[in-house]
Amino acid sequence: MTAAVFFGCTFIAFGPAIALFLFTIAREPLRVIFLIAGAFFWLVSLLLSSLVWFISVQISNKDSAAQQKGLLIFGVVLSVLLQETFRFAYYKLLKKANEGLLTLSQEETMPISIRQLAYVSGLGFGFMSGAFSVVNILADSVGPGTVGIHGDSQHYFLSSAFMTMAIILLHMFWGVVFFDACEKQRWWAVAAVVISHLIVSCLTFQNPEYVASLVPTYVILFLMGVWAFYSAGGSLRNLKLCLTCKDKDFLLANHRPR
Amino acid sequence: MTSDNHRVTSLPCRAAMNASDSDDDSYNERTALVQSENPVVPSYRPEPDLNPPSDTPPKRSGVTRRAGPAAMDGGGGGGGGGSVGGSDQDVDADDEELTLKYGAKHVIMLFIPVTLCMVVVVATIKSVSFYTEKTDQQLIYTPFTENTPSVGRRLLNSVLNTIIMISVIVVMTIFLVVLYKYRCYKFIHGWLILSSLMLLFWFSFMYLGEVFKTYNLAVDYPTVGVIIWNFGAVGMICIHWKGPLQLQQAYLILISALMALVFIKYLPEWSAWVILGAISVYDLVAVLSPKGPLRMLVETAQERNEPIFPALIYSSAMMWTVGMASPADAQRSGHETDEEAEQSSRGAEPEGRQSRSIPEDDLEEDRGVKLGLGDFIFYSVLVGKAAATGGDWNTTLACFVAILIGLCLTLLLLAIFKKALPALPISITFGLVFYFSTDFLVQPFMDNLAAHQFYI
C-alpha cells in the first residue's frame with residue numbers, strides 16, 4: 001500500500017483524463033467553464049438518485065441483506081438513467097445558450113462548437129464520476145492497512161483504478177456520441193448510449209470477478225471510442241494524416257476548409 | 001477612482017454606479033470591458049475583531065466584480081439571452097465572440113485563486129491536525145458553548161452565537177461607513193496596517209509552528225525569526241505599497257487561507273454553519289438594499305469619485321494606465337479578514353496601488369475582475385469545514401464544485417446587471433445545500449457502492 005499504490009492508482013485512474021484536460025481544455029477558459037458546469041450537472045443527478053435510494057432504504061427492511069442489495073442495484077440503474085437524463089438536459093441547455101448567443105451576434109460563428117461542447121461536457125461528467133467513485137479509495141490507499149485481510153480480493157485498488165479510467169473515458173465518448181445523436185435526431189444512437197452505460201454498470205455487479213467485469217468494459221470502451229471518433233468527424237484518412245504529421249489543419253490548430 | 005476616471009474618459013463609458021440600467025449608452029466591446037472596471041463596488045463587510053489588539057472595525061470586503069458584460073453570458077454558459085448590456089448594434093460577431101472569451105477569461109481568473117485558496121486550506125486541514133482539534137477556547141464573538149447534551153439547546157446556542165456575530169459585523173460596518181463619511185482616512189489606514197501586521201506575522205508564525213510540529217521538524221528560533229520577518233515584511237510591502245502582481249495575489253491568497261483556518265478552528269461546529277448562512281443573507285441585504293451600509297459606502301465613494309477601499313480586494317489584473325502615475329487599480333488588498341479573528345480592518349487605501357504605465361497607444365487592457373477577500377475566506381471556510389468533518393473527500397469535492405458554479409453564476413449576473421453584487425449568497429447556498437445533501441444522502445450511497453465495487 002502506501003505511496004506507491006496511491007500514486008500508481010491515481011495516475012492510472014486520472015492520467016488520461018488529466019492529460020486530455022491539460023492539452024485540450026486548460027487553455028480555453030470557455031471550455032473549462034463548461035467542463036465544471038458538466039461536472040455540476042452530474043453531481044445534481046447523483047444527488048437526486050441518492051435521495052431516491054435513501055428514501056427507499058429508509059422505508060425498507062434494514063435487516064434483510066438481500067433486500068438491501070436489491071435496493072442498491074435499483075439505485076445503480078436509477079442513477080444511470082438519471083445521469084443520461086441530465087446529460088440530455090445539459091445538451092438542451094447548451095443548445096439554448098448557443099442559440100441565444102447566435103441571435104445576439106447576428107452571425108453564424110459561435111465561440112464554441114457543439115462538438116467541442118459534447119467533448120467537454122462528457123469529460124466533465126467523467127471527471128466527476130471518476131472522482132466520486134475513486135477518491136475515497138485512493139485516500140485509504142495511502143494509510144496503513146492490509147488489502148483483503150478478510151478474504152477479499154487483493155486487487156481492489158488496482159481494479160478500482162482501471163475501472164475508473166474506463167468510466168471517465170467512456171463518459172467522454174458517450175458525451176460525444178450522445179450530443180451528435182441529438183443533433184442529428186438519431187434516437188436509436190441515444191438509446192444505444194444509455195444501454196451501453198447500463199451494461200457497463202451492470203457488469204460491475206460481478207465484482208470481484210474482475211475479469212468478467214473489466215474485460216467487457218474495456219471492449220465497450222474501445223467500441224465506443226471508435227464510434228465517437230467517427231461521429232466527431234474522424235476517418236481513417238484523417239487518422240493517417242494526423243499520425244504522419246501531414247494534417248495541416250491539425251498542426252496549425254486552425255480550422256479551415258481544405 | 002480618480003485615475004479610473006482619467007483612464008476611462010478616453011473611452012465611452014458609463015458612470016459606474018448608475019449602474020446598470022442605462023442601456024442607451026453607446027456600447028462597444030471596449031466599453032463592455034472598461035466599464036466593469038469602474039467603480040468597483042465592492043461590498044465590504046466589516047468584521048469584528050476577534051482578539052483585541054485592534055480596535056479597528058474589521059471589514060470584510062465583498063465582491064467587486066468587473067467583468068465584461070457579455071462575457072458572462074458565455075461564461076455562464078447559459079446566459080445567451082441575456083445580455084449584455086444591451087445588445088449593442090455595433091457589436092459584430094467577432095467582438096461578441098471576443099467579449100465572450102474575455103468574460104470567460106475573467107471567470108477563470110477568479111476560479112484559479114479561489115481554487116488555490118481552497119486547496120491550501122484543505123491541504124492544511126487534512127495534514128495539520130491542530131486546526132481540527134476540538135478546543136474549548138472560543139472566540140469572544142461566539143460565547144455560547146456547544147457542549148450541551150441536548151440538541152435543542154445546542155441549536156439555540158448556535159443561533160445566539162450567530163446573532164452576536166452578525167450584530168458585531170453590522171456595528172462594525174456602520175462604524176466603518178461613519179468613519180469613511182467623516183473622512184477619517186488615517187484612522188482607517190492605521191487600522192488596516194495593524195491588522196495586516198498581526199496577520200502576516202503572528203498568524204503565520206503560529207501556522208509555521210503547527211506545520212513543524214506536524215512533520216516533527218526541529219527548527220531554531222533565529223531561523224524562524226528570519227523566515228517570518230522576511231515573509232511579513234515582504235507581505236506588508238506588497239500589500240500596502242508596491243510589488244509584483246503575482247506576489248501580491250499570492251499573499252492575498254495566503255492571508256485569506258490563514259483567516260479561514262482560524263475561523264475553522266475557533267468557530268464551533270453548528271455555529272459555523274449557521275453563521276455562513278446568516279452572512280450570506282447579510283451580504284445580500286447590505287449590498288442590495290437601498291439603506292444597506294455597504295451600498296451607502298459605495299454611493300459615498302462614488303460621490304467623492306474615490307475608489308472604494310481598495311484594500312482587501314483581490315484583483316486579477318493590473319490596470320494599465322496611460323501616463324498615470326498611480327492608477328486607481330485596486331489591487332491592493334488589504335488584509336482580509338473576516339470576522340473574527342484578526343482584526344481585519346479594511347481601510348481605504350488610496351495610496352496603495354500599483355502602477356504600471358504602458359505605451360500610449362496600448363489602451364487595450366485587461367482590467368480583470370475583483371473579488372473581495374471576505375468571499376475567499378468564507379468559501380474556504382465552507383470547503384475547509386467540509387474537509388474537516390469526517391474523512392470524506394466526496395463532500396469536499398461537491399462543495400468545491402458547487403462554490404465554483406455559484407461564483408460563475410454570480411459573475412454572469414454581474415455581467416447582466418453591471419453593478420456591485422454580493423458574491424456570497426449564491427455560492428454559499430449551493431455550498432451548504434451540497435454539503436448537507438452529500439453528507440447525508442450521497443455518502444451512504446457511495447459507501448455502499450464502493451463496498452460492493454459497483455460503479456454508476
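Quick notes on the rules
- Residues numbered from 1 in each chain as written.
- Chains lettered and ligands numbered in written order.
- Predicted model: local features only at pLDDT ≥ 70, side-chain atom pairs only at ≥ 80, totals over all residues.
- Heavy atoms only, no water.
- Helix = DSSP H or I, 4+ residues; strand = E, 2+ residues; numbered from the N terminus.
- Rg over C-alpha atoms; globule rule 2.2 N^0.38 Å.
- Buried < 20%, exposed > 50% of the residue type's maximum accessible area, 1.4 Å probe, protein only.
- Contact = heavy atoms within 4.5 Å.
- Lys, Arg positive; Asp, Glu negative; His and termini not counted.
- Charge placed at Lys NZ, Arg CZ, Asp CG, Glu CD.
- Core = buried A, V, L, I, M, F, W, Y, C linked by side-chain atoms within 4.5 Å.
- Buried area = accessible area lost by both parts, 1.4 Å probe.
- Polar contact = N/O pair within 3.5 Å; in protein donor to acceptor, adjacent residues only side chain to side chain.
- Nonpolar A, V, L, I, M, F, W, Y, C, P; charged D, E, K, R; others polar.
- Phe/Tyr/Trp six-rings, centres within 6.5 Å; stacked < 30°, edge-to-face > 60°.
- Lys NZ or Arg CZ within 6 Å of the ring centre and 35° of its normal.
- Expected span 1.5 Å × (residues − 1).
- UniProt positions renumbered as here; feature names shortened; annotations may be inferred.
- pLDDT = per-residue confidence, 0-100.
- Axes fitted to C-alpha atoms, helices over the stretch in contact; angles between N-to-C directions.
- Parallel < 35°, antiparallel > 145°, perpendicular 65-115°, else oblique.
- Left-handed = near helix turned anticlockwise from the far one by under 90°.
- 1 Å grid on protein atoms, 1.4 Å probe; cavity = no way out; pocket = protein on both sides within 12 Å on 5 of 7 lines; lining within 4 Å.
- Points joined across faces, edges and corners; volume = space filled by probe spheres on them.

Draft legend 1. Structural view of the overall build of chain A. The helix and strand tally for chain A stands at nine helices and zero strands. Taken from the N to the C terminus, the helices and strands of chain A come in the order α-α-α-α-α-α-α-α-α. Taking 258 residues into account, the globule formula puts the C-alpha radius of gyration at 18 Å, and chain A, at 20 Å, falls close to it. A total of 258 residues make up chain A; the buried ones form 50% of that total. Considering only contacts within chain A whose residues lie at least 6 apart along the sequence, 73% involve residues at least 24 apart. Here chain A holds 17 positive side-chain charges and 13 negative ones, and the gap between their average locations is 9 Å.

Draft legend 2. Broad picture of the side chain of B:T142. All names here are of chain B. Examined against the element boundaries, T142 turns out to sit in the loop between α4 (93-127) and α5 (151-181). When its relative accessible area of 0% is taken as the criterion, T142 is described as buried. Contact partners of T142, with chain neighbours within four places excluded, come to N161, M165, Y266, L267, P268 and I275.

Draft legend 3. Broad picture of the nonpolar core. Counting 176 residues, the largest nonpolar core has A:F132, B:F111 and B:Y379 as the members making the most contacts within it. Ranked by the residues each element gives to this core, the list is headed by helix α5 (residues 156-183) of chain A, at 18 residues. For B:Y379, the residues in contact, after removing those within four places along its chain, are B:V114, B:M118, B:I403, B:L407, B:A423, B:L424, B:S427 and B:I428.

Draft legend 4. Quick look at the interface of chain B and chain A. In this complex, chain B contributes 48 residues to the contact, which on the side of chain A involves 56 residues. Buried surface at the junction of chain B and chain A, both sides included, amounts to about 4,500 Å², of which 75% is carbon and sulfur. Three residues stand out in chain B for area buried against chain A, namely B:Q453, B:Y455 and B:I456, and they jointly supply 20% of the buried area on that side. Summed over the shared surface of chain B and chain A, the result is eleven residue pairs in polar contact (both at pLDDT 80 or more). For the side of chain B that touches chain A, the elements supplying multiple residues, two or more each, are α3 (69-76), α4, α12 (393-417) and α13 (424-452) of chain B. By residue class, the composition of the side of chain B that touches chain A is 27 nonpolar, 15 polar and six charged.

Draft legend 5. View of the packing of aromatic side chains. Overall, the coordinates contain 29 aromatic pairs over all chains when judged by the stated rule. Linked through ring pairs, A:F88, A:Y91, A:F178 and A:F179 together constitute an aromatic cluster. We note B:K126 situated over the ring of B:W393; from NZ or CZ to the ring centre the distance is 4.6 Å.

Draft legend 6. Local environment of helix α9 (residues 269-288) of chain B. Residues and elements named next belong to chain B. Its 20 residues give α9 an end-to-end C-alpha distance of 29 Å, which sits within 8% of 28 Å, the value for a rise of 1.5 Å per residue. Along α9, the residues that are buried comprise S271, A272, W273, I275, L276, I279, S280, Y282, D283, A286 and V287. On the buried face of α9, the contacting elements are α5, α10 (293-303), α11 (373-388) and α13.

Draft legend 7. Inspection of the UniProt feature "transmembrane region" (unreviewed entry) in chain A at higher detail. Residue and element names in this part refer to chain A. With numbering aligned to this structure, UniProt lists the feature "transmembrane region" (unreviewed entry) at residues 6-25, 32-59, 71-90, 117-139, 159-179, 186-206 and 212-230. Overall, residues 186-206 shows 81% helix and 0% strand. The separation of its end C-alpha atoms is 32 Å. Structurally, residues 212-230 is divided into 100% helix and 0% strand, and its ends, taken at the C-alpha atoms, are 28 Å apart.

Draft legend 8. View of the confidence of the model for chain B. All names here are of chain B. Taken residue by residue, chain B gives an average pLDDT of 72. The fraction at 70 or more is 65%. The weakest mean pLDDT in chain B belongs to helix α2 (residues 29-35) at 29; the strongest belongs to helix α7 (residues 221-240) at 94. Considering only residues more than four positions removed or in separate chains, one finds that residues 1-91, a stretch of pLDDT under 50, has 331 contacts. Of the two predicted TM-score estimates for the complex, the pTM is 0.79 and the ipTM is 0.91.

Draft legend 9. Up close: the side chain of A:S79. Its place among the elements puts A:S79 in helix α3 (residues 65-105). When neighbours within four sequence positions are excluded, A:S79 is seen to be in contact with A:L46, A:S49, B:F445 and B:I456.

Draft legend 10. A look at unusual backbone geometry. Positive phi is not limited to glycine here, since A:Q185 has a value of about 60 degrees. Within the secondary structure, A:Q185 is located in the loop between α5 and α6 (187-203). Even without being glycine, B:N216 reaches a positive phi, approximately 55 degrees. Structurally, B:N216 can be placed in the loop between α6 (185-214) and α7. Assessed through its relative accessible area of 69%, B:N216 is described here as exposed.

Draft legend 11. Quick look at the packing of α5(A) against helix α7 (residues 210-231) of chain A. Residues and elements named next belong to chain A. As a packed pair, α5 and α7 sit with axes 9 Å apart at the nearest point and diverge in direction by 30 degrees. Compared by their axis directions, α5 and α7 come out roughly parallel. As for the relative orientation of α5 and α7, their crossing is left-handed in sense.

Draft legend 12. Structural view of the layout of surface pockets. Size it by volume and the second largest pocket reaches roughly 1,400 Å³. A:A131, A:V135, B:V119, B:L397 and B:F400 are the residues nearest the centre of the second largest pocket, which is lined by 36 residues in total. When residues of the lining of the second largest pocket are traced back to their parent elements, those giving at least two are α1 (2-25), α2 (29-58) and α4 (114-142) of chain A together with α4 and α12 of chain B. Residue contributions to the lining of the second largest pocket peak at ten residues, all from α4(A).

Draft legend 13. Spatial organisation of the packing of α1(A) against α2(A). Residue and element names in this part refer to chain A. One way to put it is that α1 packs onto α2 with a least axis distance of 10 Å and a crossing angle of 145 degrees. Here F21, T24 and I25 of α1 come into contact with α2, specifically with R31, V32 and L35. Its residues placed into classes, the contact of α1 with α2 shows four nonpolar, one polar and one charged.

Draft legend 14. Layout of the environment of B:L411. All names here are of chain B. In this structure, L411 sits in helix α12. Residue L411 is classed as buried on the basis of its relative accessible area of 2%. Sequence separation between L411 and A423 is twelve residues; the distance between their C-alpha atoms is 8.4 Å.

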